[in-house]
Each structure stands twice: as C-alpha cells, then as structure tokens.
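Fold and geometry: a report
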Amino acid sequence: MSHEDTIPLHHSSQSDIDEIENLFNAPVHVATVLPAQPPSPPRASIPVSHSSTSLPPYQKVPPSSSPPPVVPAVPVDAAPAGRSRTGVSADAFGSPANTLTEPVWDTVKRDLARIVSNLQLVVFPNPFREDPGRALRDWDLWGPFFFIVFLGLTLSWSASVKKSEVFAVAFAILAAGAIILTTNVLLLGGHIIFFQSLSLLGYCLFPLDVGALVGMLVSNAILKLVVVSITLAWSCWAAYPFMSAAVNPRRKALALYPVFLLYISVGFFIIAID
Amino acid sequence: MDSIQPPVENYANPRTCLFHVLFKGAALAFYILSALFIDSFVIIFVVTVFLAALDFWVVKNVSGRILVGLRWWNEINEDGESIWKFECLDQESLARMNKKDSWLFWWTLYLTAVAWLFLAIFSLLRFQADYLLVVGVCLTLSIANIVGFTKCRKDAKKQIQQFATQTIASRFTSSLQTAFSVV
C-alpha cells in the first residue's frame, strides 16, 4: 500500500493529464470548476481553501492509495500530485495560473460561500438537513470568529461604562466557553471533532448576535426582553441536534445543559447591559 | 541581515513575499504603535487579531504553496474522524523552488513568533491580562503555522529519502537485469 506512495510520478502525471483535460473542458472560471463536493478541500483552523484545480487529484488519489482504516497522528498524504503549478511551467496550466495571480479574490469568495452554507446548515430550519453528526464536515472558524467579535463589539457599544472590559470579558467567555464545552462532550465519551464542535458552537451564536444588535438599537426594555428570549431559544434549538447526536443518549442532558447555560448567560448579559 | 548567506537569485514571487510579510508586520506594528495613539482596547484587539488571522490565512493558503510548495490541512473523513494531512510538491519542483523565497518564508515565520513571544512576556510582566489575550491569540496562530509547515517539511525530506532509495533500488535492479540479459 505504501509502495504506491513512493511512486508519485505516475500517479501525478496521470492526474495531471486528467486535470488538464478538466481545465480545458470546463469553463475558465475557477469557481465553477470547484464542484459542490464532499470535503476534499483543505481546511484548517482558519478556513483554508486551495485552488480548485488540485481537487481532482485528491479525489482520485486517496481512495486508491491511502489505507482504509483511520490513520491516526500524521498520515502523510504522500501523493504530491499535480499541485506542481509553480515548478512545472511547461504544462499548460491555464486556470491555476489565474488562481495564483488572483488567489485572494477567488479563495475569499469560496470561503465566504462556505461560511454562508455552514450558517444555513447549522442555524436555519432546513428540512433537507442531513444527519446532524455529519453536517458540519467542512468546518471553518472564520464564521465563529466574526460572530464572537461582533457580539463582543455590540455588547461593548451598548455598554455605557467599562467598554473595554465588557468586550474582553465577552470574547474570553465565549472562546473559553466553546473550548470547555467541547472538552466536556469529549470527556463524556462523545464522538465529535474538536474543531467541528468549536465551529458549531460559534455558528450557533448567530441568533444571539441578531438579538444583541436589536437590543442595542431598541430602548424599550420589554421588547428587548422578548427579542432576546426568542433569539436565545433559536440558538439553543440550533445547537441541540448536533450536541445530542454526539453523545450517548443517556448523557444527552449532561452535554446539553452547559451549552444552554452558556447561551442563557449570554442572553442575560445582553438583556442586562445598559 | 543580508550578510547572512544571501542567496544569489532574486525573489521569484515578489508579490507573494510582500503579502507574506505585510500582514505579519502590520499586526505587530499596529499592536506596538497603538499603545501610543489609541486609547480603546477594543479597537486594538479587533484590528490586531483580524490582521493576525488574515496573516495566518495568507501564509497557509497562498505563500506556503507558492514560496515553499508545502501545504497542510485537516479533513474529516467518512467515519467522522479527523485527519491532518501534510503535503508537498514532488521532488523536481521542490528542487526548483527559489532559495531566496523559502529563506524569507521560514525566517519571517520564526521571527514573528519570537516577536509575539517577547510581547507576551512584556504584557505578563505588566500584569495586563487583556493585552495578554491579544498576544496569546496571535502567538497561537503563528505557532500553528510553524508546526504545520515544519511537519510538512519533515515529511518532504522523508519522501525525498524514500524516493532516492526507490530510485537507487530500481536502477540497481534494472542494471542487474540488463547485465543478466546480456549474459
């Protein structure tokens, strides 16, 4: 099995050829070459995507050469497949050159698209939602980052005194809370990926962001209370399926209670701030 | 700095090098200078962390690929397990990488982490917990990139060795075969 990994050139040249064919057959826009496909695009803590042209090789190589069971620690995906756009100048890599010369815009667009799709998956009622345990496969942390910062900023603007402390406390509590909640699920024997869960808890803050924004703009206390309660319930509703799917049914409450507690305390924070 | 083994060629990708350094420098500069000009901690926090996050993204997605031909990422496979993948270009392309580019890449990567470490120590000594938060986030991002790319590079070296032994072995067998066929 690892033999194939040490003969990279054959694989890569074959996949290079396929890649070139794809490029010539597909329209020039790189964005359309990127299909809505299962997660081969690379991701990391801050979302990453590389140019789409290298996706086809990855799609082909892993099923054939990588060992089937879960490889722990550091499985070197030792297919240095046709990514060699920088070195191999001779090949007619039209589109990769475009993604290099304007990598930022295309990748930004793609990342934004991913944030939007993650948001829709997690937060909005979606009858076509697939099994929650698999839903946030291509997690990213940009969304959660923006939401936490936005919530901190809104709370800070709403506060009349001690603005800096409010922001710092909000940010620290949300970040630390997400990490601790994830650890909680893992310690309860749940099956969830660390970053996936962080990403999820961050996305579920979106309704509270809306609530905080409304709270900042509206001065009537009753209206603020109602709106924040509704958004709080929405956050909890959004987080529920993922968290409960991750753990043993008997431990569902143990996993969910801290999540609800976190969101409820953030909700109180929003209501109480003046 | 130029007296330390200046590579002979010029930069092959000047714009990428610029961006690679730009956000790092901007984050550090803003953080250091902001103490002089800006009162609001919130602005310092948001701008610095945002610049650091942008820098992380640029290094991981763009300059890592272009300057040194390495990449790392995380995937979640069908079983729901998380796999870290480390990737490098094939050997010919790696050999053709511009030395100056990769020199710049690695040095700035390490230097930024060291700089953030110093700033962390400063804010620790001054008991400023909120500034420590900012510096902590930026330090974490820098270290994540360093760890990821160093692992990539180790794997690349391992692959070079494997490839070399493979090539030697295949050449040896083929020369043996020709020897025997002649006989």
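Within any chain, residue numbers begin from 1 and follow the written order of that chain's sequence. All chains are assigned letters beginning at A, and all ligands numbers beginning at 1, according to the order in which they are written. With the structure being a predicted model, the display of local features is reserved for residues of pLDDT at least 70 and the display and counting of side-chain atom pairs for 80 or more, all residues being used for whole-chain, interface and lining totals. No hydrogens and no water enter the side-chain calculation; it runs on all heavy atoms of the structure.

Remarks on the overall build of chain B
Helix and strand definitions follow DSSP, with helices as H or I runs of at least four residues and strands as E runs of at least two, each counted in order from the N terminus. A tally of helices and strands in chain B yields five helices and two strands. Helices (α) and strands (β) of chain B occur, in sequence order from the N terminus, as α-α-β-β-α-α-α. A simple rule labels every residue: compare its accessible area, found with a 1.4 Å probe on the protein chains alone, to the largest value its type can have, and call it buried under 20%, exposed over 50%, or partly exposed in between. Counting only residues that meet the buried cut, chain B has 45% of its 183 residues in that class. Sequence-distant contacts, at least 24 apart, represent 71% of the contacts inside chain B between residues at least 6 apart. Every residue pair with non-hydrogen atoms within 4.5 Å of one another is taken to be in contact.

Observations concerning the packing of helix α9 (residues 163-187) of chain A against helix α10 (residues 194-203) of chain A
Residue and element names in this part refer to chain A. Comment: axis = line fitted to C-alpha atoms, over the contacting stretch for helices; angle = value between 0 and 180 degrees taken between N-to-C directions. With their axes 9 Å apart at the nearest point, α9 and α10 run at an angle of 130° to one another. Between α9 and α10, the crossing angle belongs to the class labelled oblique. Crossing angle aside, the handedness with which α9 passes α10 is right-handed. When α9 is examined against α10, the residues Ala178, Ile179, Leu181, Thr182 and Leu186 are found in contact with a partner set consisting of Phe194, Ser197, Leu198 and Leu201. Amino acids outside the nonpolar list (Ala, Val, Leu, Ile, Met, Phe, Trp, Tyr, Cys, Pro) and the charged list (Asp, Glu, Lys, Arg) are all regarded as polar, and Gly is one of them. Along the lines of polarity and charge, the residues of the contact of α9 with α10 split into seven nonpolar, two polar and no charged. The cut-offs work like this: below 35 degrees is roughly parallel, past 145 is roughly antiparallel, 65 to 115 is roughly perpendicular, and the gaps in between are oblique. Less than a right angle of anticlockwise turn of the near helix away from the far helix marks a crossing as left-handed, whereas a clockwise turn marks it as right-handed.

As for helix α13 (residues 252-272) of chain A
A rise of 1.5 Å per residue sets the reference length of α13 of chain A, with its 21 residues, at 30 Å; its end C-alpha atoms lie 30 Å apart and thus fit the reference within 8%. Those residues of α13 of chain A that are buried are in contact with α8 (142-158), α9, α10, α11 (206-217) and α12 (221-246) of chain A. Given a helix with a known number of residues, its expected span is that number minus one, times 1.5 Å.

Considerations on the pairing of strand β2 (residues 82-88) of chain B
Residues and elements named next belong to chain B. Burial of β2 is extensive: five of the seven residues sit out of reach of the surface. Where strand β1 (residues 70-76) meets β2, seven bridges bridge the pair, whose relative direction is antiparallel. What sits directly across from Trp73, in β2, is Lys85. Here a strand pair is declared whenever DSSP counts at least two bridges between the two strands.

Focus: the environment of Gly148 of chain B
Residue and element names in this part refer to chain B. Position of Gly148 among the secondary structure elements: in helix α5 (residues 129-182). A relative accessible area of 4% places Gly148 in the buried class. The spatial distance from the C-alpha of Gly148 to the C-alpha of Lys60 is 8.8 Å, given a sequence separation of 88 residues. Not counting residues within four places of it along the chain, the set of residues in contact with Gly148 comprises Trp72 and Phe86.

Things to note about the UniProt feature "transmembrane region" (unreviewed entry) in chain A
Residue and element names in this part refer to chain A. Per the UniProt record, the feature "transmembrane region" (unreviewed entry) sits at residues 141-160, 166-188, 200-219, 225-242 and 254-273. Across residues 141-160 one finds 85% helix and 0% strand; the C-alpha atoms that close the span lie 30 Å apart. The annotated region residues 254-273 carries 95% helix and 0% strand content, and the separation between its end C-alpha atoms amounts to 29 Å. UniProt positions are given in the numbering used here, feature names are shortened, and annotations may be inferred rather than shown by experiment.

Describing the packing of aromatic side chains
Residue and element names in this part refer to chain B. Classification of ring pairs uses Phe, Tyr and Trp, with its six-membered ring standing for Trp, and accepts pairs whose centres are within 6.5 Å; under 30 degrees between planes counts as stacked, over 60 as edge-to-face, and the remaining range as tilted. On inspection of all chains with the given rule, the structure shows 23 aromatic pairs over all chains. Plain terms: the ring middles of Phe41 and Tyr131 are 5.1 Å apart, the flat faces sit at 80° to each other, and that makes the pair edge-to-face. In this pair, Phe41 is assigned in helix α2 (residues 41-68) and Tyr131 in helix α5, connecting sequence segments 90 residues apart. Whether a charge sits over a ring depends on NZ of Lys or CZ of Arg being within 6 Å of the ring centre and within 35 degrees of the ring normal. Against the face of Trp72 rests Lys60, its NZ or CZ located 4.4 Å from the ring centre. Its end group placed over the ring of Trp106, Arg153 keeps NZ or CZ at 4.0 Å from the ring centre.

Regarding a nonpolar patch on the surface
Residues and elements named next belong to chain B. Note that patches include only residues with greater than 30% relative accessible area and no salt bridge, and the join distances are 9 Å for like charges and 5 Å for nonpolar side chains (Val, Leu, Ile, Met, Phe, Trp, Tyr). In this description, accessible areas are obtained by the Shrake-Rupley approach with a 1.4 Å probe, and a residue is regarded as covered only by the protein chains that are shown. In the sections that follow, a salt bridge refers to a side-chain nitrogen of Lys or Arg positioned within 4 Å of a carboxyl oxygen of Asp or Glu. On the surface, Val114, Leu117, Phe118, Ile121, Phe122 and Leu125 cluster together to form a nonpolar patch covering roughly 610 Å² of accessible area. Assignment of secondary structure puts Val114 in helix α4 (residues 99-125). A residue is classified by how much of its surface remains accessible, and Val114, at 40% relative accessible area, is partly exposed.

What to know about the confidence of the model for chain A
Residues and elements named next belong to chain A. Chain-level pLDDT for chain A is 68 on average; 58% of the residues reach the 70-or-more range. With pLDDT under 50 throughout, residues 1-13 is counted as low confidence; its partners more than four residues away or in other chains account for 21 contacts. Throughout residues 26-101 the model reports pLDDT below 50, and contacts reaching past four residues in sequence, or to other chains, amount to 181 contacts. pLDDT measures how confident the predictor is about each residue, on a scale from 0 to 100.

Details of helix α1 (residues 14-37) of chain B
Residues and elements named next belong to chain B. Compared with the 34 Å implied by 1.5 Å per residue over 24 residues, the 32 Å span of α1 between its first and last C-alpha is a close match. Two axes are fitted around each residue, one to the seven residues ending there and one to the seven starting there, and the angle between them is reported as the bend at that residue. The axis of α1 is deflected most strongly, by about 30°, at Tyr31. Every buried residue of α1 is listed here: Thr16, Cys17, His20, Phe23, Lys24, Ala27, Leu28, Tyr31 and Ser34. In this structure, the buried side of α1 is in contact with α2, α4 and α5.

Digging into the environment of Ile38 of chain B
Topologically, Ile38 of chain B is positioned in the loop between α1 and α2. With near-sequence residues (within four places) excluded, Ile38 of chain B lies in contact with Phe30, Ile43 and Ile44 of chain B.

Remarks on the nonpolar core
Within this scheme, the nonpolar core is defined by two criteria: the residues are buried Ala, Val, Leu, Ile, Met, Phe, Trp, Tyr or Cys, and they are joined through side-chain atoms within 4.5 Å. Val122 and Tyr263 of chain A together with Trp116 of chain B are the most contacted members of the largest nonpolar core, which has 99 residues in total. If you tally residues by element for this core, the top one is α2 of chain B, at 16 residues.

Brief notes about the state of the cysteines
Residue and element names in this part refer to chain A. Criterion for a disulfide: a pair of cysteine sulfur atoms at a distance within 2.5 Å. All chains considered together, the criterion is met by zero disulfides over all chains. In this structure Cys204 is not part of a disulfide, and its nearest cysteine sulfur, from Cys236, lies 9.0 Å away. Overall, Cys204 belongs to the buried group, its relative accessible area being 0%.

Side note on the confidence of the model for chain B
Residue and element names in this part refer to chain B. Summary statistics for chain B give a mean pLDDT of 83 and a share of 91% for residues scoring 70 or more. Mean pLDDT across the secondary structure elements of chain B bottoms out at helix α3 (residues 91-95), with 67, and peaks at α4, with 89. Across the whole predicted complex the pTM is 0.68, and at the interface the ipTM reaches 0.74.

Thoughts on unusual backbone geometry
Of note in the backbone geometry, Lys162 of chain A takes a positive phi value of approximately 55° without being a glycine. Note that Lys162 of chain A resides in the loop between α8 and α9. The class for Lys162 of chain A is exposed, based on a relative accessible area of 59%. We note that Phe127 of chain B has phi near 55°; this positive angle belongs to a residue other than glycine. Of note, Phe127 of chain B is situated in the loop between α4 and α5.

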